[in-house]
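Here are the chains, one letter per residue:
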Amino acid sequence: MNPPAVSARGREAELERIGALVGGSGGGMVVVCGAGGLGKTTLAAEAAAQARGRGRVVAWIRWRDDAEQLGQDLAQAAHILGLPESRLEEAHTGRVSLVNAVWEHLAGVKGWLIVVDNVDTPSRVGPGSGPPAAYRGWLRPHGGGVLLVTSRDTSGQTWGPDADLIRLQPLADDAAGAVLLDAAPHAGTGNEAEALAVRLGGLPLGLNAAGAYLSVATSRHRTFAAYQHALETEFADLLGAEHPGAAADPEAARRVVRHTWDLSLDQLHRDGYTLARPVLQLLSLLEPVPVPRTLMTAELVTGATGLSATAATVDAALAGLHQYGLLHTPGTDSPGSGSPAVGQLQLHPLVREVTAHALARPEPTTIWLTAIDEHLTQAVDTVAGMPGRAGWPTARLLAPHLPAHLDRNTPHNFTTARNTLDALATVLGAAGAASEELLLRRHVLDHESTVRGPGHPDALASRNNLASALNVLGEHRRAADLQRQVLTDYERVLGPDHPHTLNSRNSLAIVRARLAQAGRSRWWQLPRRGGGA
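How each quantity is defined
- Residues numbered from 1 in each chain as written.
- Predicted model: local features only at pLDDT ≥ 70, side-chain atom pairs only at ≥ 80, totals over all residues.
- Heavy atoms only, no water.
- Pairing = 2+ DSSP bridges.
- Helix = DSSP H or I, 4+ residues; strand = E, 2+ residues; numbered from the N terminus.
- Axes fitted to C-alpha atoms, helices over the stretch in contact; angles between N-to-C directions.
- Contact = heavy atoms within 4.5 Å.
- Buried < 20%, exposed > 50% of the residue type's maximum accessible area, 1.4 Å probe, protein only.
- Parallel < 35°, antiparallel > 145°, perpendicular 65-115°, else oblique.
- Left-handed = near helix turned anticlockwise from the far one by under 90°.
- Nonpolar A, V, L, I, M, F, W, Y, C, P; charged D, E, K, R; others polar.
- Core = buried A, V, L, I, M, F, W, Y, C linked by side-chain atoms within 4.5 Å.
- Polar contact = N/O pair within 3.5 Å; in protein donor to acceptor, adjacent residues only side chain to side chain.

Caption draft 1: Quick look at the sheet that holds strand β2 (residues 57–62). Across the sheet, which stays open at both edges, the five strands sit in the order β2-β3-β4-β1-β5 with parallel pairing between neighbours. Where the open sheet ends on each side, the last strands, each with one partner, are β2 and β5 (163–167). Sheet twist, expressed as the mean angle between neighbouring strand axes with direction ignored, is 15°. Where β2 lies against strand β3 (residues 112–117), six bridges are found, and the strand directions are parallel. The partner of valine 57 across the bridge, within β3, is tryptophan 112. Contacts from helix α2 (residues 40–53) reach β1 (28–33), β2, β3 and β4 (146–151), with the element oriented near 160° to β2.

Here it is in structure tokens:
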């Protein structure tokens, strides 16, 4: 089978690695791996085209989850490379092993590239039940040419120590924008194309879908900017639409953003990782930023889904998602990045968005979000109770997930949710994470002004705390203006001699002095009256 005719824009470094191996005097095995939609087949096809252009013999084989068919295809490739008919006959009559006959020949022939595409079930490659990493089956690194395998399985344990793994990442912003411009050159400027590419997370499958849509003259949205804007309200139609044949045809599913990751989730389920899909779905309901690993507990999974979960089965589910490229662990996925202070989990933005849209509405989302909110509260309580600096790294990771927590709990559970944000903001302040603290202080004030009223003592305390965060960030003028408003309101609501008013007056004097000195010290934070009930 011939490879597809495509372009692998933005994969120059990966192509150079493959080209060096193909052009060298030896051979080997390279595995291009990563989540669905990253363009593994595209990269392999471009590598094959380049190898053919250099005079190499190229064979393209598509894995069809059939070890016997793979053997026949590799035997045919070896025959093209000179394996005698007599040797094949010996194998067919059982006098020699076909797999050994093929690889004995391939080991003595140089200058070839054999691509085996979409080996997403490597445990079934065979022959026999041995693992691919044993190199006794159909996939071996010991030929005189190069065996190039594409797969969603990114585990080095699967492929063994002699395989050269190329783990694909999303395209860089400029390359991703260029892909869109190639597909729809009249849809806008390079900057607009790059902005849409960033929105799509640099995922080649999403870029191709958007480019194909924009290239059609009858499409409702004809520009990069219009398409990006439409994603906010029409995501399900543009990228989340179901394909009627995807369930029965894996090849169709691979080409559709809505379905491509289902292939990996189905495989994980068949392999015994029964919690992989619900864990991915839970993560999709959180914000598109890293999540502390400690939040994803067996209790959360059980509370949200009703499924029986243990720490071990949740660990296995996360490991399976990571192995298939659906889940990243920032700080550990890139060599040389070092270990993060705390474990982190993060989804690609399109994986997250498609998964969230695929969840049934209004259930199970409502139940699942309630469970998430309960565990966010528990996580903040735990962090706030840690001694010294122990909880600071986790507090930073929790911060971006708290505004949505308050949104979901306003107004029915406002006080508890508000107190949760206040507690985390206090930890962040102690940690020196002023930007994260400011995010929470501002969100609390906005909601408190709406729920309690801008003149309520709790709203005044929130305004004071916001001023404190602004001062730490060096925005002394804005802090002084806000503190002046707080003092005026305290004098009006509580009277000029109330302790809160006196403290506020003192705070304003301090911030004015610090404004004059361009200082950065924190001033008094006022407590709430009676716990804010």
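Structure shown, so let's carry the discussion forward.
Caption draft 2: Structural view of the pairing of β3. Burial within β3 is extensive, with six of its six residues counted as buried. Side-chain alternation along β3 places Trp112, Ile114 and Val116 on one buried face and Leu113, Val115 and Asp117 on a second face that is also buried. Where β3 meets β4, four bridges bridge the pair, whose relative direction is parallel. Note on β4: the bridge partner recorded for leucine 113 is valine 146.

Caption draft 3: Spatial organisation of the packing of helix α7 (residues 173–183) against helix α8 (residues 190–199). Contact pair α7 / α8: the axes reach a minimum separation of 8 Å and the direction vectors enclose 110°. The angle between α7 and α8 places the two elements in the roughly perpendicular class. For the pair α7 and α8, the sense of crossing is right-handed. From α7, Asp173, Asp174, Ala176, Gly177, Leu180 and Leu181 reach across to α8, where they touch Gly190, Ala193, Glu194, Leu196, Ala197 and Val198. Its residues assigned to classes, the contact of α7 with α8 comprises seven nonpolar, two polar and three charged.

Caption draft 4: Representation of the nonpolar core in the model. Ranked by size, the top nonpolar core spans 100 residues in total, and within it Leu283, Met296 and Leu424 carry the most contacts. Aside from chain neighbours lying at most four places away, what touches leucine 283 is Val291, Met296, Leu318, Leu327, Leu345 and Leu347.

Caption draft 5: Structural context of the environment of threonine 297. Along the chain, threonine 297 turns up in the loop between β6 (291–292) and α14 (298–305). Taking relative accessible area as the criterion, threonine 297 reaches 21% and is therefore assigned partly exposed. With 17 residues separating them along the chain, threonine 297 and valine 314 place their C-alpha atoms 7.0 Å apart. Sequence-distant contacts of threonine 297, defined by excluding residues within four places in its chain, comprise Val314 and His375. Of the polar contacts made by the side chain of threonine 297, one reaches the backbone nitrogen of leucine 300; its length is 3.1 Å.

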